[in-house]
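The primary structure of each chain is shown beneath.
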Amino acid sequence: MAIPSFVDQVRLRVTAGAGGGGCTSVHREKFKPLGGPDGGNGGHGGSVILRVDPQVTTLVEYHRHSHRQADNGQPGRGGHHHGSHGEDIILRVPMGTVVRQADSGEVIADMVGSVSEVVIAQGGHGGLGNAALATKARKAPGFALLGEDGDDREIILELKVVADVGLVGFPSAGKSSLIGAISRATPEVADYPFTTLVPHLGVVVAGPTTFTVADVPGLIPGAAQGKGLGLDFLRHIERCQVLVHVIDCATYEPGRDPVSDLDAIEVELAAYGGLEDRPRMIVLNKVDIPDGAEMASMVVDQLTERGLAVFEVSAKTGQGLTQWIHAMAKIVSEIRERTPEIVAVPVVLKPTKDTGPQFTIARQSDDAGGFVWRVRGVKPERWVRQTDFNNAEAVGYLADRFNKLGIEDELLELGAEPGDAVAIGSGDNPVVFDFAPQIDIGAELLSARGEDNRLDEVRPAAARRRVKDAAYHAEKEAAQAVSLALTGLDEQEE
């Protein structure tokens, strides 16, 4: 199957890189079997970024390759070596690209004006190594945090051509020929329907005013309902400030005339919607042909009575083009004066931070006829993803975090009792705990939840000698006290 050269709408899956896991490591030297934690952090995963590129005019590249994935972050290592970050992937798109969520159709970004870059899939955070998790109470953590997965989503990219003037009309009305005549564009031209399969864009200079003109191919009756090619290309006139009806005055098709052609195209524009406020003008094309000139003279007054500016032109001979060009330039200039262009620094859109409550708790029924306490929130769900549940100490650290956030207190206030099921996370596979408030959780080495005395238990040689000397002196002093006490008793008996 042939791949088209122009694509203005694609469905694309984007997958950001996963973060690397943190490292659990302890510095060891001779006479220092437990010199302290030195596990490095994992690197962040690469993000998927959409960036406007003026040199790109089509989305065909994403039609060929519909899944793009960024690099993963690398895991941390011992010796305080942090993992490298995954490389971002840059997807270059044309100006005027609209980004939508595939499942809901919600607009994520409209890449026009100052919006030049969008982080469409955020890379996963790297996990902290045990060196970063060490505290005064937990001096040598025996665990590290896992890296998080990056965003994985499906999006729709939809291109809407950005032009000042849009040319509309039936196929073979001469729109492409007119763009070639008034600009340096070189569109393909032929005399059969649907010659133009790609919207053409031309730059026109009229005195001090420079503006862009685009043709919208394939408009026929029923285009707004998907007939022909019109539905595919009607989106390209949404951003045009002025609409120009190009009417073929020399058509040989039966039942057509300039007035009926105008009315038919206006029906399609109205059905598409949102274009009622755009200024219109009429171009009666092909007046170099005798029949065309005669037809134009017959209808020009009738069209003028509608309050429309009408121009009789010929793309072949250049007749009437100068007057029409300056008329378009005047309207574009007036519109620009009413809506001055705002010069802004290019904007980079990133995922917004959640500003709501840190967590919510709701009691929900389960499939077994019981209930479960469902905890939702950005922080707790993220902490769950970072936890290695095969490590009891890591689970204890997670319990500490939940307690500090206030989840335990909130559960108790809502009436939760020890042993109740608590589910944390979204979807059908949340992590489920048995509610155990204020109970010491974690590795057996922990004297209390959140404490770690292993560094105190394995001391350097000098410290051990000091402890041994102190014990010897204490025993000696105790023996002397006992001896003195016995001596006193002997003297009393005598």
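Note that the structure is predicted; figures quoted are calculated from it, not measured. (Residues numbered from 1 in each chain as written. Predicted model: local features only at pLDDT ≥ 70, side-chain atom pairs only at ≥ 80, totals over all residues. Heavy atoms only, no water.)

**Some words on helix α5 (residues 258-272)**
Working step 1: Taking 1.5 Å per residue as the helical rise, α5 with its 15 residues ought to reach 21 Å, and the 21 Å between its terminal C-alpha atoms agrees with that figure.
Working step 2: Inspection of α5 places Pro258, Val259, Asp261, Leu262, Ala264, Ile265, Glu268 and Leu269 among the buried residues, and these make up the whole buried set.
Working step 3: On its buried face, α5 is in contact with β9 (165-168), β12 (242-248), β13 (280-285) and α6 (290-304).
Working step 4: Gly273 occupies a position one or two residues after α5 and carries a positive phi of about 90°. (Helix = DSSP H or I, 4+ residues; strand = E, 2+ residues; numbered from the N terminus. Expected span 1.5 Å × (residues − 1). Buried < 20%, exposed > 50% of the residue type's maximum accessible area, 1.4 Å probe, protein only. Contact = heavy atoms within 4.5 Å.)

**A closer look at the side chain of Arg256**
Working step 1: Locating Arg256 in the fold gives a position in the loop between β12 and α5.
Working step 2: Polar contacts involving the side chain of Arg256 include one to the side chain of Asp261, which spans 2.8 Å. (Polar contact = N/O pair within 3.5 Å; in protein donor to acceptor, adjacent residues only side chain to side chain.)

**Considering the packing of helix α3 (residues 175-182) against helix α7 (residues 321-338)**
Working step 1: Viewed as axis vectors pointing N to C, α3 and α7 meet at an angle of 85°, and their least axial separation amounts to 11 Å. Put simply, α3 runs roughly perpendicular to α7. Contact with α3, carried on its side by Leu178, Ala181 and Ile182, involves Leu321, Trp324, Ile325 and Met328 of α7 and no other residues of that element.
Working step 2: By residue class, the composition of the contact of α3 with α7 is seven nonpolar, no polar and no charged. (Axes fitted to C-alpha atoms, helices over the stretch in contact; angles between N-to-C directions. Parallel < 35°, antiparallel > 145°, perpendicular 65-115°, else oblique. Nonpolar A, V, L, I, M, F, W, Y, C, P; charged D, E, K, R; others polar.)

**Re the packing of aromatic side chains**
Working step 1: A full pass over the atoms with the stated rule returns five aromatic pairs.
Working step 2: Their ring planes at 45° and their centres at 5.2 Å tell us that Phe143 and Tyr397 sit as a pair that is tilted. Taken together, the residues Phe143 in the loop between α2 (130-133) and β8 (152-159) and Tyr397 in helix α9 (residues 392-405) connect sequence positions 254 residues apart.
Working step 3: The exposure class assigned to Phe143 is buried, which follows from its relative accessible area of 2%.
Working step 4: For Tyr397, a relative accessible area of 17% corresponds to the buried category.
Working step 5: Aromatic ring contacts, followed pair by pair, group Trp383, Phe389, Phe402 and Phe433 into a single cluster.
Working step 6: Here Arg256 stacks its cationic end above the ring of Phe170, 4.4 Å away from the centre of that ring.
Working step 7: Cation over ring: Arg363 sits above Phe371, and NZ or CZ is 3.6 Å from the ring centre. (Phe/Tyr/Trp six-rings, centres within 6.5 Å; stacked < 30°, edge-to-face > 60°. Lys NZ or Arg CZ within 6 Å of the ring centre and 35° of its normal.)

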